[in-house]
Structure formats: C-alpha cells, structure tokens
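# Descriptive analysis of the structure
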Amino acid sequence: MAVAVTLGEALLRLSAPEGVALEDCHRLEVRAAGAESNVAVALARFGVASAWISALVDNPLGRLVAGSIRRHGVDLSGVVWSADGRVGTYYIELGRPPRPNRIVYDRADSAFARLDPDAVNWDLLDGARVLHLSGVTMAVNPAVALRARDEAARRGVPVSWDVNYRARLWTESEARKALAPAVAGCAVLKLTAEEAHHVFGFEGSAEVLAASVAESTGAAVVVVTDGSRGAVAAVGGRLLREEGHEVEGLDRVGAGDAFVAGLLYALLDSPRPGLDTSPDAVRRGLRLGSAHAALKHTYFGDIAWTTLDDVRRLAGELQGTTWR
C-alpha cells in the first residue's frame, strides 16, 4: 500500500552537453523527467512507500521511462499502458548566468494527455496519506487532475499541489482561472514567489504572499519558496520562515520537486495519522525541503541522487559527513 501517491506525465529529457547550444548539438543525453515522478522517486529514496499514476506507451521509450522510475522503488502499478501513441519529450540547453536554460517541448498529444480518467485504477489511493498533483498536470490533462483530486477527497486523502507554472503550456490568466478553484481547501500548496505574483496576482514579500494565497485559497499550508533566501509557510494563522542555502548550480531543473519531496517527507514522518500539518512539522519541512532543493542543484538531470541522511545533514539534523 502506497503512503504517498503522485500523478502526472513523465517525459524524455534530451540534454545538450554543458556549454553546447541545441542548434550546434551533435549528441543528446536521454533521461526520464517529470515533476510528479521526481517527487515519487525522492520520497521512495527517503524510505516512503510511493506510487506514481500516469500513462506510457508500451515501446522502448515508454519502458525506458518506467525503468528509470521503478529502479528507485516506486510502485508503477497505476501506470496505464497503451499499444500506440507517443511519449512526450523536452530538449534542454543548460545555461550559466547570465544565459538562462533554453527548453523546447515536444509533448502535444502524448499518451498522458490522452489518458481517460476512467482508465485509471483509483483504488491505488486507498489508504494513502497524501496525493501530490501539480499545475503541469492541470495544463496537460485537467480532466485527470480534477478526477484525482475528487477521488482523493472521496477517500479522505489529503491533497498536495505544486503550482509549477509553465508559460510554454498556458498563459498566466488561464492558469489562474483553472488553478484557483482546483486547489481550494487543499492540505498543502507550494509555489514560488514569482508564481504567487504572476499566477495569483499578489504583491509583496514572501510572508505577504504566503498569507495572501492562504487567505484566498483556504489551503491548510501554503509554502512560498524564494530561492536561496529560503521559504515561508503560512499555517494556522502563523507565518514561518527558514533560510535557504547558497548553491553553485550544475542543473537547477527539478529543484522545486526536490523541495516538495523534503516538505512532504517531514509531514509524513509523524506518528499522527494522515498528513501532519502542525507548525513544528511544517517548519521541519521547510528545512528539509530547502536542503534537498539545494542538493538537487548539484546533480545533472531531473532526479536528486541524494539520501535522506545527506538532506538531514545539510538541514542540521545530523552531524558529520558521508563524503570521502
């Protein structure tokens, strides 16, 4: 039985070598990538029984994605396999300041985008302590995302959302119109300071943004991440802040997913039933999330190849080091 269930699309990530422009690229490295699968992988690596619901094509590319996620111990029994269709891809050219990353998506009409909610085995949610969704899934297949939210509510499973706004998928106004009602009353809502401004229309410091989003959505916990400056949470009428970490970034893609995994781990690592959204658990989640996100910057690819002890050491919970 899965403790944490995530749902979303996984893509094939095709990366140009560092320092090489996509238009001058002669070879690409292929890896699996996906916001919700990244969270499932990280939680599984932390020892949390995790499952990922999605759709894949039964061909070498679909099996590549499945194998990349399954190797970390994630339950893939919720994946719907199809005989035809396509696995979405994205191409990335990694930049260094002042040059940003350049990403080209090729994901239209993917197997996940075509997934019928009735084809999913929603019983996988039975007994789960959290379901994690993101704005990416709302943009790609809103019918599946909303059905997942409703199935979780029917079973009493708390829902976590990451706004995860992608301008290449929809406009700010489209995201606001769809996400505001979708996340209303959820257990956890994570977003960046930029997303709080551009998607929800609020101005101010991270503290002001967290409080404003919490009031407008009714989410039990709202977390606003603010880069190396750390993160702020609004919970139970209180505002909590934890500082971040300075990083020398190798690859920042997936850092937001790493933050979510650290946050959710802290809320699940509790004797309380369900999801512990007490201020103490949330404060620990901010520390573990920030540490995990910082460590993710040091790994190439979407997945953070960290252990729980790595994260706890950087967060100050353990002393010493395992690095040799």
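The structure under discussion appears in the preceding block.
These lines cover the structure that appears in this document, whether it is placed above or below. Being a predicted model, the structure only gives us computed values, none of them experimental. Every chain begins its residue count from 1, and numbering advances along the sequence as written. Only residues with pLDDT of at least 70 get local features here, since the model is predicted, and only at 80 or more are side-chain atom pairs given and counted; chain-wide, interface and lining totals rely on the full set of residues. Hydrogens are left out, water is left out, and the side-chain values use all remaining heavy atoms of the structure.

A side-chain nitrogen of Lys or Arg and a carboxyl oxygen of Asp or Glu constitute a salt bridge if their distance falls within 4 Å. Counted under the stated rule, the structure contains 23 salt bridges. One salt bridge connects Arg147 with Asp118, and the closest N-O pair in it is separated by 2.9 Å. Of this pair, Arg147 sits in helix H4 (residues 142–154) while Asp118 sits in the loop between strand S7 (102–106) and strand S8 (130–134), and the two are 29 residues apart along the sequence. The partly exposed category is assigned to Arg147, whose relative accessible area is 26%. A run of H or I in DSSP becomes a helix once it reaches four residues, and a run of E becomes a strand once it reaches two; helices and strands are each numbered from the N terminus. Each residue gets one of three labels from its accessible area relative to the maximum for its type: buried under 20%, exposed over 50%, partly exposed in between, using a 1.4 Å probe on protein chains only.

Any two strands with at least two DSSP-identified bridges between them are counted as paired. Overall, mixed pairing links the four strands, which are arranged S3-S2-S6-S7 in an open sheet. Of all the strands in the sheet, just strand S3 (29–33) and S7 have a single pairing partner and so form its edges. Across the sheet, the axes of successive neighbouring strands diverge by a mean angle of 25°, strand direction being ignored. We call two residues contacting when some pair of their heavy atoms lies within 4.5 Å. Axis lines are fitted through C-alpha atoms, for helices just across the contact stretch, and the angle between N-to-C directions can take any value from 0 to 180 degrees. Lying on the sheet, helix H2 (residues 60–70) is in contact with strand S2 (11–15) and S3; it crosses S2 at an angle near 90°.

Below, the discussion takes up the nonpolar core. Side-chain atoms within 4.5 Å are what join buried Ala, Val, Leu, Ile, Met, Phe, Trp, Tyr and Cys residues into a set we call a nonpolar core. Of all hydrophobic cores here, the largest spans 68 residues; its most connected members are Trp52, Val65, Leu131, Trp161, Leu179, Leu189 and Leu191. Leu240, Leu263, Leu264 and Leu267 belong to the second largest nonpolar core, which has 36 residues in total.

A separate point is the packing of helix H1 (residues 35–45) against helix H8 (residues 255–268). Two elements in contact, H1 and H8, have axes separated by 9 Å at closest approach and are oriented at 45°. Regarding the angle of H1 to H8, the classification is oblique. H8 is crossed by H1, and the crossing has right-handed handedness. Touching Ala35, Asn38, Val39, Ala42 and Leu43 of H1 are Asp257, Val260, Ala261, Leu264 and Tyr265, all from H8. Residue composition of the contact of H1 with H8, grouped by class: eight nonpolar, one polar and one charged. To sort the angles, those under 35 degrees are grouped as roughly parallel, those over 145 as roughly antiparallel, those from 65 to 115 as roughly perpendicular, and the leftovers as oblique. Crossings are classed by handedness, with left-handed meaning an anticlockwise turn of the near helix from the far one by less than a right angle and right-handed meaning a clockwise turn. Asp, Glu, Lys and Arg are counted as charged, while Ala, Val, Leu, Ile, Met, Phe, Trp, Tyr, Cys and Pro are counted as nonpolar; the rest, among them Gly, fall into the polar class.

Further remarks concern H8. Think of an α-helix as 3.6 residues a turn; residues three or four steps apart then line up on the same face. Under the 1.5 Å per step criterion, the end-to-end length of H8 is 20 Å for 14 residues, consistent within 8% with the ideal 20 Å. Burial analysis of H8 places 13 of its 14 residues in the buried class, the great majority of the element. Given the number of residues in a helix, its expected span is that number minus one, multiplied by 1.5 Å.

A separate point is the pairing of strand S1 (residues 4–7). A two-sided burial pattern is seen for S1, the buried positions comprising Ala4 and Thr6 on one face and Val5 and Leu7 on the other. As paired strands, S1 and strand S4 (residues 50–57) are joined by four bridges and run parallel to one another. If you follow Ala4 over to S4, its bridge partner there is Ser50. Across three bridges, S1 lies against S8 in parallel orientation. Considered in S8, the bridge of Ala4 is made with Val130.

That's the geometry; what it means functionally is another story.
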